[in-house]
Each structure stands twice: as structure tokens, then as C-alpha cells.
Amino acid sequence: MSRGLGDVYKRQGPLHIAIDITNKCNAKCLHCFNRSGNGLLRNEISDREMLEIFKEIAVIKPFSTCFCGGEPMMKYDLVLRATEVLKNGGVPNIAMVTNGWFLTKDRVISLRNAGLTHIQLSLDGKDAKTHERMRGINGIYEKVLDALNFIDDAGISSAVAFSPTPVSYTHLTLPTK
């Protein structure tokens, strides 16, 4: 159960913590600012060390924590364990940013059961050609659409991020009144 905004204003610790749990990524996104997926950072801390960090985060109880990367689902077992640590530590909002490639129905349900409350996916165009050009991986457009359905069916909150480019900006249609 999420806390209300009144609880946010009473906080003495951080409001939000976003942590890159890996630099590894299966995609080769044209716009990746940390150059994930290209193998530049090979020496990452161990999963055990990362879990210790999450135990420390749970103690300070931020309002929300987000698993980022790279592609967090490349460390799925770590995401599951870290989610449980945060949930058991009283962190009310636990999110993940993912490209959707590794999300299956069973994994989404397991993540929900562990305590994950929000998943953000990227969709960089209204068709496979545009999105896959941006992400550098064939078949990822359909994977994202499937993942959005899995997330919705599991009752997890979701968001879609869109990176506008000269090719894709016309794909974004905002509602009109």
C-alpha cells in the first residue's frame, strides 16, 4: 500500500533512489547515455554486494526506489531478491525501467509478488521498424507490447517512455479536447 503525499513531506531521508544494478544490456539503443550494451564496463560489483546496498537503502526507507541499468532484467534473480529486501524493509514504491525483452507473464507475476509496484518500458515509435531501429534489436517491438499486457494483467502500474527523434516525433499523438 502506497503512502500519501503527506508522508512524502514528513520524510527526512531521500524521496527517490534510482540505482543502475548493471551496465549490461541486450539492446544497442542509439540514444543510450551510459553506453550500455557495448561492453565498456565489465567489472561490476557482485550480486551479494548489491544486495548489501539494497539492505542499506531499506534502512533509510526512501519513498521510492527504481532498478535501472543497463537492462535490469539481465539480473532478474537480483531484482527479485532486492525487491523483497526493499519491500520487507518498508519501501512503499519499487519500480523498474526495462526494455521489456526479458519480461514474461510468469516473471511479471513473480516481480509483483515480490513487491514491485511499477514498471516503465520504452516504445520509441508506433511501429516495429521505428522502435527496433532505435533499440537495435529485432523483435523487441512485439516483446514490449506483450510485456505491457502482462504488466496490466498482473495489476502493476506501468508507464511508457518515448524518445522523440526526427523520424519518430510524428508518431506521438497527444489527446485533444
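Now for a quick tour of the structure.

The next thing to look at is the side chain of Ser64. By secondary structure assignment, the location of Ser64 is in strand β2 (residues 64-68). A distance of 2.5 Å separates a polar atom in the side chain of Ser64 from a polar atom in the side chain of His16. Not counting the four nearest positions on each side in its chain, Ser64 is found in contact with Leu15, His16, Ile17, Val91 and Asn93.

Negative phi is the rule for most residues except glycine; trans is the rule for most peptide bonds. One non-glycine residue, Lys61, lies in the positive phi region at around 45 degrees. By the element assignment, Lys61 lies in the loop between α2 (47-60) and β2. Using a relative accessible area of 35% as the deciding quantity, one classes Lys61 as partly exposed.

Now for the pairing of β2. Buried residues dominate β2, accounting for five of its five residues. Both faces of β2 are covered, namely the face carrying Ser64, Cys66 and Cys68 and the face carrying Thr65 and Phe67. Both strand β1 (residues 16-20) and β2 contribute to a ladder of five bridges, which runs parallel. Within β2, the residue paired with Ala18 across the bridge is Cys66.

Criteria and cut-off values
Residues numbered from 1 in each chain as written. Predicted model: local features only at pLDDT ≥ 70, side-chain atom pairs only at ≥ 80, totals over all residues. Heavy atoms only, no water. Helix = DSSP H or I, 4+ residues; strand = E, 2+ residues; numbered from the N terminus. Polar contact = N/O pair within 3.5 Å; in protein donor to acceptor, adjacent residues only side chain to side chain. Contact = heavy atoms within 4.5 Å. Buried < 20%, exposed > 50% of the residue type's maximum accessible area, 1.4 Å probe, protein only. Pairing = 2+ DSSP bridges.

So yeah, pure geometry; function would need other evidence.
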